[in-house]
Amino acid sequence: MKNFSRSIFTKLMSYLVLLIIVITIAIIVFLPSVVDWYLINNHVQSKLIKTILLVVLYPCGVMAALTEWEVFRIFKSVNLGNPFVREN
């Protein structure tokens, strides 16, 4: 019973991480619109600030998505019962 509940927990966590990856990719795709919305709500009209934000946030978003993908792979290998494999 204990192993069964652990398996459900790790599967649930892997699905949640996959959902977070999808949300991260959506944010990366719509990043210019999100930055425009953020700047308009803070009453900033500078193109330079928008460019700086995009230059900083795009690489951060890509690295976050890659890190989340690695976490998903780890949860996947834990679900299969072999967390200590070379592919991780």
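So, a few notes on the structure that sits alongside this text. (Residues numbered from 1 in each chain as written. Predicted model: local features only at pLDDT ≥ 70, side-chain atom pairs only at ≥ 80, totals over all residues. Heavy atoms only, no water.)

For the rest of this paragraph, the subject is the overall build of the chain. Scanning the chain from N- to C-terminus turns up three helices and zero strands. Starting at the N terminus and ending at the C terminus, the chain contains elements arranged as α-α-α. A buried classification covers 18% of the 88 residues belonging to the chain. Sequence-distant contacts in the chain: of pairs separated by 6 or more residues, those separated by 24 or more amount to 64%. Entry remark: accessible area of the chain is about 7000 Å², with carbon and sulfur atoms responsible for 73%. (Helix = DSSP H or I, 4+ residues; strand = E, 2+ residues; numbered from the N terminus. Buried < 20%, exposed > 50% of the residue type's maximum accessible area, 1.4 Å probe, protein only. Contact = heavy atoms within 4.5 Å. Areas by Shrake-Rupley, 256 points an atom, 1.4 Å probe, with all protein chains shown as cover.)

Turning to the pattern of salt bridges, a few remarks are in order. In total, this model carries two salt bridges according to the counting rule given. One salt bridge connects R73 with E70, and the closest N-O pair in it is separated by 3.3 Å. Highlighted residues: R73 and E70, both in helix α3 (residues 47–80), separated by three residues, approximately one helical turn. Look at R73 and you get partly exposed, because its relative accessible area is 27%. (Salt bridge = Lys/Arg side-chain N within 4 Å of Asp/Glu carboxyl O.)

The next thing to look at is the packing of aromatic side chains. Summed over the entire model, instances satisfying the criterion amount to one aromatic pair. Seen in terms of ring centroids, W69 and F72 are 5.2 Å apart; in terms of plane orientation they differ by 35°. Their pairing is tilted. Remark: F72 and W69 occur in helix α3; sequence separation between them is three residues, near one turn of the helix. In this structure W69 comes out as partly exposed when scored by relative accessible area, which is 40%. In this structure F72 comes out as buried when scored by relative accessible area, which is 14%. (Phe/Tyr/Trp six-rings, centres within 6.5 Å; stacked < 30°, edge-to-face > 60°.)

Keep in mind that these numbers describe shape and distance, not what the molecule does.
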